[in-house]
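Residue-level listing of the chains:
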There are 2 protein chains.
Amino acid sequence: MTLLSYDEFIMETSTALDGLTSFYKLLSNRSRLAIVLELRSGEANVAELCHRTGLSQTLVSHQLAALRNADILRVRRAGKHTYYQLADEHITTIVGYALEHLGEREV
Amino acid sequence: MTLLSYDEFIMETSTALDGLTSFYKLLSNRSRLAIVLELRSGEANVAELCHRTGLSQTLVSHQLAALRNADILRVRRAGKHTYYQLADEHITTIVGYALEHLGEREV
DNA sequence: TTGACACATGACACTATTATCATATGATGA
DNA sequence: TCATCATATGATAATAGTGTCATGTGTCAA
């Protein structure tokens, strides 16, 4: 637990807010979220993701680029194929948790 | 564990995907998220939220309306004031969890 | 009842996001 | 080298989301 000055506090909370906003923004698109959900079960290449999500190759590539730019993905190239996986288990956990808790709400 | 037909499965996953997308979309706006984060520490009225978030009254009201429409808020009217709180602990948990795990990422 | 306060709502201009089409790149095998 | 496969990228039209101004509604106190 670090003691922060007011300015540092404002900075901290502001960047946490911004960070969280960007993170949620990333997941707030159906196509992108579908890809992330698919990747929870492990690595997949673009064609596989297209097939599983029903999205076009172009769209999948675009969304993968967005996820990549946010450092949410790990990329592995193998010949003609490019394999993607979630960068770390935190993403999987966060999303899984949300999914679980949302299910429990009486919405 | 229920056994679903293909169509039911598609329905289920599709609505879960849609639900999660809408949920994330709701949190993907800085102002709205700031309000939600504030409300984690309990009930607050509009003026209080304006003060704490630094947002205009109009904007806060608009965002509260959005959150209300998504059944994320509980409303209590008391005289001239309107008090808002998060509808259930799931929201708090989901957001807190994301905040915590995002902090642990080396982004 | 009137004025002031607390909040809500509608309309709007501005900006951002979305998915698509067309095309580029890069690797592989013939 | 060339054709082809797998994927990436740029441009663009359509749509959605953002915050603000103006104004409406309901409550209370005088």
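Structure: see above.
Report on the accompanying structure. (Residues numbered from 1 in each chain as written. Chains lettered and ligands numbered in written order. Predicted model: local features only at pLDDT ≥ 70, side-chain atom pairs only at ≥ 80, totals over all residues. Heavy atoms only, no water.)

When helices and strands are counted, chain A shows five helices and three strands. Out of the 107 residues in chain A, the part that is buried amounts to 39%. Pairs at least 24 apart in sequence give 48% of the contacts found in chain A among residues at least 6 apart. Accessible area for chain A stands at about 6,200 Å²; split by element, carbon and sulfur atoms hold 52% of it. (Helix = DSSP H or I, 4+ residues; strand = E, 2+ residues; numbered from the N terminus. Buried < 20%, exposed > 50% of the residue type's maximum accessible area, 1.4 Å probe, protein only. Contact = heavy atoms within 4.5 Å. Areas by Shrake-Rupley, 256 points an atom, 1.4 Å probe, with all protein chains shown as cover.)

Turning our attention to the packing of aromatic side chains. A complete count under the given rule lists four aromatic pairs over all chains for this structure. With centroids separated by 6.0 Å and ring planes inclined at 50°, the aromatic side chains of Phe23 of chain A and Tyr24 of chain A adopt a geometry described as tilted. (Phe/Tyr/Trp six-rings, centres within 6.5 Å; stacked < 30°, edge-to-face > 60°.)

Here the focus is the sheet that holds strand β1 (residues 44-45) of chain B. All names here are of chain B. Pairing in this open sheet of three strands is antiparallel, and the strands run β1-β3-β2 from one edge to the other. The open sheet has two edge strands, β1 and β2 (73-78), and neither has a second partner. Pairing between β2 and strand β3 (residues 81-86): six bridges, direction antiparallel. Bridge pairing in β3 links Arg74 to Gln85. Lying over the sheet, helix α2 (residues 30-39) contacts β1, β2 and β3, oriented at roughly 85° with respect to β3. (Pairing = 2+ DSSP bridges. Axes fitted to C-alpha atoms, helices over the stretch in contact; angles between N-to-C directions.)

Another aspect to go through is the interface of chain B and chain A. Each partner contributes residues to the interface: chain B has 34 residues there, and chain A has 35 residues. The junction of chain B with chain A conceals about 3,100 Å² of combined surface from both sides, 68% of it contributed by carbon and sulfur atoms. Counting the surface chain B buries against chain A, the share from its top three residues, Tyr24, Arg30 and Arg105 of chain B, is 22%. Our enumeration of links across chain B and chain A arrives at two salt bridges. Across the salt bridge formed by Arg30 of chain A and Asp18 of chain B, the nearest N and O atoms sit 2.4 Å from each other. Among the secondary structure elements, those contributing two or more residues to the side of chain B that touches chain A are α1 (6-27), α2 and α5 (89-104) of chain B. (Buried area = accessible area lost by both parts, 1.4 Å probe. Salt bridge = Lys/Arg side-chain N within 4 Å of Asp/Glu carboxyl O.)

Contacts to DNA strand D come from 23 residues, most closely from Thr58, Ser61, His62 and Tyr84 of chain A together with Asn29 of chain B. The sugar-phosphate backbone supplies 62% of the atoms of DNA strand D found within 4 Å of the protein. Between a phosphate oxygen of DNA strand D and a side-chain N or O atom of Arg68 of chain A, the distance comes to 3.1 Å. Measuring from a phosphate oxygen of DNA strand D, one finds a side-chain N or O atom of Tyr84 of chain A at 2.3 Å. Mapped onto the surface near DNA strand D, the elements with two or more residues apiece are α3 (46-53), α4 (57-69) and β3 (81-86) of chain A together with α2 and α4 (57-69) of chain B. A breakdown of the residues in the surface near DNA strand D according to their chemical character gives four nonpolar, 14 polar and five charged. (Near = heavy atom within 4 Å. Polar contact = N/O pair within 3.5 Å; in protein donor to acceptor, adjacent residues only side chain to side chain. Nonpolar A, V, L, I, M, F, W, Y, C, P; charged D, E, K, R; others polar.)

Here the focus is the sheet that holds β3 of chain A. Residues and elements named next belong to chain A. Read across the sheet, three strands follow the order β1-β3-β2 without closing on themselves; strand pairing throughout is antiparallel. Taken across any chain shown, the strands that pair with only one partner, and hence form the sheet edges, are β1 (44-45) and β2 (73-78). Lying over the sheet, helix α2 (residues 30-39) contacts β1, β2 and β3, oriented at roughly 85° with respect to β3.

Residue and element names in this part refer to chain A. Following both chains from N to C, one finds α2 and α4 inclined at 75°, their axes separated by 10 Å at the closest point. Our classification of the angle between α2 and α4 gives roughly perpendicular. Residues Ser31, Arg32, Ile35 and Val36 of α2 form the contact with α4, whose own contacting residues are Leu59, Val60, Gln63, Leu64, Ala66 and Leu67. The class makeup of the residues in the contact of α2 with α4 is seven nonpolar, two polar and one charged. (Parallel < 35°, antiparallel > 145°, perpendicular 65-115°, else oblique.)

Right, let's get into the relation of the copies chain B and chain A. Mapping between the two copies of the chain is achieved by a rotation about an axis and a shift along the axis. Screw-axis analysis of chain B against chain A gives a translation of 0.0 Å along the axis, an RMSD of 0.0 Å, and a rotation angle of 180°. A rotation of that kind, with that shift, is consistent with a two-fold axis. Taking C-alpha positions as the reference, the residue of chain B nearest the rotation axis is Tyr24 of chain B, at 2.7 Å. (Least-squares fit on C-alpha atoms with pLDDT ≥ 70 in both.)

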